[in-house]
Number of protein chains: 2
Amino acid sequence: MNKEDFFINQISNSKYNGDDGAFIDGYVYSMDAFFENVHFKKEWIDKGIISLKQIAYKSMLVNISDAIAMNAKPKYALISIAIPNTYTNEDLKALACGFKKAADDFDFEIIGGDTIENSKLDISITIISKTKEPKYRNSVQIDDYICYTGKLGESKKDLKALLNGKKIKKTSKFIKPTLRADFFYEAAKYINASMDISDGLFLDLEKLSKASNKGFIFFKEIKEEVGTSGEEYEILFSVNSKNLKKVDNIAKKYGVKLNIIAKAVKGSYKSSFPNHHFKN
Amino acid sequence: MNKEDFFINQISNSKYNGDDGAFIDGYVYSMDAFFENVHFKKEWIDKGIISLKQIAYKSMLVNISDAIAMNAKPKYALISIAIPNTYTNEDLKALACGFKKAADDFDFEIIGGDTIENSKLDISITIISKTKEPKYRNSVQIDDYICYTGKLGESKKDLKALLNGKKIKKTSKFIKPTLRADFFYEAAKYINASMDISDGLFLDLEKLSKASNKGFIFFKEIKEEVGTSGEEYEILFSVNSKNLKKVDNIAKKYGVKLNIIAKAVKGSYKSSFPNHHFKN
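Residues numbered from 1 in each chain as written. Chains lettered and ligands numbered in written order. Predicted model: local features only at pLDDT ≥ 70, side-chain atom pairs only at ≥ 80, totals over all residues. Heavy atoms only, no water.

## Here we look at the pattern of salt bridges
Where charged atoms from two side chains of opposite charge come close, those side chains can pair. The full count for this structure, using the stated rule, is 32 salt bridges over all chains. Of the charged contacts, one joins Lys47(A) and Glu43(A) as a salt bridge, the two residues approaching to 4.0 Å between their closest N and O atoms. Since its relative accessible area comes to 40%, Glu43(A) is described here as partly exposed. A salt bridge links Lys173(B) to Glu234(B), with the shortest nitrogen-to-oxygen separation between them at 2.9 Å. Of this pair, Lys173(B) sits in the loop between α5 (154-163) and α6 (181-187) while Glu234(B) sits in the loop between α8 (224-227) and β9 (235-239), and the two are 61 residues apart along the sequence. Residues Lys173(B) and Glu234(B) agree in their burial class; the two are buried. Salt bridges sharing partners connect three or more residues here, namely Lys173(A), Arg180(A), Glu232(A) and Glu234(A). (Salt bridge = Lys/Arg side-chain N within 4 Å of Asp/Glu carboxyl O. Buried < 20%, exposed > 50% of the residue type's maximum accessible area, 1.4 Å probe, protein only. Helix = DSSP H or I, 4+ residues; strand = E, 2+ residues; numbered from the N terminus.)

## Comments concerning the packing of helix α4 (residues 89-105) of chain A against helix α1 (residues 3-11) of chain B
In the contact formed by α4(A) and α1(B), the axes pass within 9 Å of each other and the chain directions differ by 35°. Both α4(A) and α1(B) take part in a crossing whose hand is right-handed. Contacts from Asn89(A), Leu92(A), Lys93(A), Leu95(A), Ala96(A), Phe99(A) and Lys100(A) of α4(A) reach α1(B) at Lys3(B), Phe6(B), Phe7(B), Gln10(B) and Ile11(B). The residue makeup of the contact of α4(A) with α1(B), split by class, is seven nonpolar, two polar and three charged. (Axes fitted to C-alpha atoms, helices over the stretch in contact; angles between N-to-C directions. Left-handed = near helix turned anticlockwise from the far one by under 90°. Contact = heavy atoms within 4.5 Å. Nonpolar A, V, L, I, M, F, W, Y, C, P; charged D, E, K, R; others polar.)

## Observations regarding a positive patch on the surface
Residues Lys151(A), Lys157(A), Lys169(A), Lys220(A), Lys223(A) and Lys257(A) make up a contiguous surface patch of positive charge. Tracing the sequence through the fold places Lys223(A) in the loop between β8 (215-218) and α8 (224-227). (Patch = residues over 30% accessible without salt bridge, like charges linked within 9 Å, V, L, I, M, F, W, Y side chains within 5 Å. Areas by Shrake-Rupley, 256 points an atom, 1.4 Å probe, with all protein chains shown as cover. Lys, Arg positive; Asp, Glu negative; His and termini not counted. Charge placed at Lys NZ, Arg CZ, Asp CG, Glu CD.)

## A closer look at the UniProt feature "domain: PurM-like N-terminal" (unreviewed entry) in chain A
Per the UniProt annotation, the sites labelled "domain: PurM-like N-terminal" (unreviewed entry) are residues 18-128 of chain A. Along residues 18-128 of chain A one finds 36% helix and 35% strand; the C-alpha atoms at either end are 17 Å apart. (UniProt positions renumbered as here; feature names shortened; annotations may be inferred.)

## A few points about the interface of chain A and chain B
Of the residues lining the interface, 60 residues belong to chain A; the matching set on chain B comes to 60 residues. Approximately 5,200 Å² of surface area, both sides summed, lies buried where chain A meets chain B, with 60% of it carried by carbon and sulfur atoms. The largest contributions to the chain A side of the interface with chain B come from Lys3(A), Phe7(A) and Met31(A), which together make up 13% of the buried area. Where chain A packs against chain B, one counts 14 residue pairs in polar contact (both at pLDDT 80 or more). Among the elements of the structure, α1 (3-11), β1 (22-24), β2 (27-35), β3 (73-83), α4, β4 (109-117) and β5 (122-130) of chain A are those that each provide at least two residues to the side of chain A that touches chain B. Top contributing element to the side of chain A that touches chain B by residue count: β4(A), with nine residues. Looking at side-chain class alone, the side of chain A that touches chain B contains 29 nonpolar, 17 polar and 14 charged residues. (Buried area = accessible area lost by both parts, 1.4 Å probe. Polar contact = N/O pair within 3.5 Å; in protein donor to acceptor, adjacent residues only side chain to side chain.)

## Brief notes about the packing of aromatic side chains
Summed over all chains, the structure comprises 24 aromatic pairs over all chains. Consider the rings of Phe7(A) and Phe99(B), whose centres lie 6.3 Å apart with planes at 80°: the pair is edge-to-face. Linking Phe7(A) in helix α1 with Phe99(B) in helix α4 (residues 89-105), this pair reaches from one chain into another. In terms of burial, Phe7(A) and Phe99(B) fall into one category: buried. Across the ring face of Phe174(A), the terminal group of Lys58(A) is positioned such that the distance to the ring centre comes to 3.8 Å. Across from the ring centre of Tyr185(A), 4.9 Å away, lies the NZ or CZ of Lys73(A), which sits over that ring. (Phe/Tyr/Trp six-rings, centres within 6.5 Å; stacked < 30°, edge-to-face > 60°. Lys NZ or Arg CZ within 6 Å of the ring centre and 35° of its normal.)

## Here's the deal with the environment of Lys73(B)
Residue and element names in this part refer to chain B. Checked against the element boundaries, Lys 73 lands in strand β3 (residues 73-83). Exposure remark for Lys 73: the relative accessible area of 48% places this residue in the partly exposed category. Expressed as a C-alpha distance, the spacing of Lys 73 and Ile 128, which sit 55 residues apart in the sequence, is 8.4 Å.

## Topic: the domain arrangement of chain A
Residues and elements named next belong to chain A. Domain assignment breaks chain A into domain 1 (3-130) and domain 2 (145-265). Domain 1 and domain 2 are separated by 21 Å when their C-alpha centres are compared. With 24 residues of domain 1 in contact, the opposing surface of domain 2 contributes 24 residues. Around 2,100 Å² of area is buried between domain 1 and domain 2 when both sides are counted, 62% of it from carbon and sulfur atoms. Considering only the surface of domain 1 that becomes buried against domain 2, Ile 49, Lys 58 and Ile 68 emerge as the three largest contributors, covering 28% of it. The salt bridge involving Glu 231 is made with Lys 58; its shortest N-O contact spans 3.0 Å. For the side of domain 1 that touches domain 2, the secondary structure elements donating two or more residues are α3 (52-69) and β3. (Domains from an automatic or database assignment.)

## Quick notes on unusual backbone geometry
All names here are of chain B. The phi dihedral of Asp 143 falls on the positive side, at around 75°, and the residue is not glycine. Inspection of the secondary structure assignment puts Asp 143 in the loop between β5 (122-130) and β6 (145-149). Judged by relative accessible area, which is 44%, Asp 143 ranks as partly exposed. Although it is not a glycine, Asn 213 adopts a positive phi angle of roughly 55°. Take Asn 213: it is sitting in the loop between α7 (201-212) and β8 (215-218). Its relative accessible area of 59% is what places Asn 213 among the exposed residues.

## Some remarks on the packing of α3(A) against α4(A)
Residues and elements named next belong to chain A. Put simply, α3 and α4 touch, their axes get as near as 7 Å, and they point 35° apart. Remark: the crossing between α3 and α4 carries right-handed chirality. Residues Leu 52, Lys 53, Ala 56, Tyr 57, Ser 59, Met 60, Leu 61 and Ile 64 of α3 pack against Asp 91, Ala 94, Leu 95, Cys 97, Gly 98, Phe 99, Lys 101, Ala 102 and Asp 105 of α4. Here the residues of the contact of α3 with α4 are counted per class, giving 11 nonpolar, two polar and four charged.

## Brief notes about the side chain of Arg137(A)
Turning to its location among the elements, Arg137(A) is positioned in the loop between β5 and β6 (145-149). With residues near it in sequence (within four places) discarded, Arg137(A) still touches Gly18(A), Asp19(A), Asp20(A), Ala193(A), Ser194(A), Met195(A), Lys207(A), Leu208(A), Ala211(A) and Ser212(A).

## A short note on the sheet that holds strand β7 (residues 191-196) of chain A
The pairing of strands in a sheet happens through backbone hydrogen bonds and is either parallel or antiparallel. All names here are of chain A. Read from one edge of the open sheet, five strands run β7-β9-β6-β10-β8, paired in antiparallel fashion. In this open sheet, the two strands that pair with only one neighbour each are β7 and β8. Between one strand axis and the next, the sheet turns by 30° as a mean value, whatever way the strands run. Sitting on the sheet, helix α7 (residues 201-212) touches β6, β7, β8, β9 (235-239) and β10 (258-265), and the angle it makes with β7 is about 135°. Where helix α9 (residues 241-253) meets the sheet, it contacts β6, β7, β9 and β10, and its direction lies at approximately 145° from that of β9. (Pairing = 2+ DSSP bridges.)

## Concerning helix α3 (residues 52-69) of chain B
Between its first and last C-alpha atoms α3(B) spans 26 Å; for 18 residues at 1.5 Å apiece the expected length is 26 Å, and the two agree. A positive phi of about 65° marks Asn71(B), the residue just after α3(B). (Expected span 1.5 Å × (residues − 1).)

Structure below.
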């Protein structure tokens, strides 16, 4: 067991753990960290590969992604931000601008948080989102189709390029994830279980398998570069065969590519690939 | 204006900002960071001055303090924690143990969060607390008595000792703050405005003054070592003269020292002392 899982096992005393967020009384509560040297590097900022505004915006998006994957609409956000004392007022404005753009784009309010001085830029965000019909990881049914949105692989490829000192496209999903809010909010009523793809398809399939106590029969082999690409923020979900066509039509309506990759069966699924996050 | 205030000014687009937490629909949402090199130092852990369990516990208490100062009872917590990869499973257990002790002591649930690997131990916590009668900073009335609980000064003195490489008492409030939950929940109905003392009495009085648009006439001079001691987590509040005796009786009931320091008047109050937080 890795340290992250060990710690979570130690601390989780709650029935609300185990999904992208905790659903209580109409609201979903989710929290994600976005730290320098863990999720991005200072040299990427210095080289102009990613701006502070884009970092702030992405730190919000990775949190909003959790809300969407649970079929919840973001209403409020709290931001804990640790900022180096070398940052200028212009830098602070750029960060604030990125946070506010996300709040505008997804129509929620920033209601508080904490600001401290630190040796590096570290952001933690809590999103409070609202839903009448939350979607969980534990609801995959036998014979469900397992699907995901979009195209996987670019985030890993671009992260690798960055770590090798290369440039990447300004439009890279690694800089600005594409969230599937409109598609998912409309399709959710036909969907049994869901989660976002943040650790990579293989690891996230393993989590889905464990939560739902189901295995998967794959329709074709998934390439390593597709299955091990983390920080994709596409949606992984399961749908009954009778609803598949409806979900497919909603995907077409919003121009979202739908990948139907497996069927749920008795059993369990384990990934043989480690977590993608790069280490210091 | 310091950078913290500048950033908060840039980002706050919400009527919910400006108190210890944001009150929405029966709940108070608050978030505080507790970072290595900002709120504690690694060498204090290495020297056995403060344990990982105590750090985790204090990181929760400073957040619970916000909830109490708004007359709200903690119900749920989310923890974003960044942990060095040198930490052993025993270290992780100690941290989890500290978080869980706080959840037990104050009867709330840890419902989620995020765990990542990092160069140092950095914790951010969101507390979701419940109240029927939130207390704000903006409600000081003319002629209100301005009071605070407990004895101020120890936190600053002990922090100074630690920064000079000296030991401090195991029972120091700097290691384990004394929260005034029972007193405040009972007294709150008689209280007009409140906040916790985290930045130091003088700075927090300035915030109270600004939020309520009132000045203060002090009954006697407050010493620098009292007024500039941060991280005290006592409660600063205002009360009408007709309720002062009732609040005083409740304080006596719970063995809480009550300091009546000023009267609220037209005007404003400004501290001439800077923020206490130590820098890298």
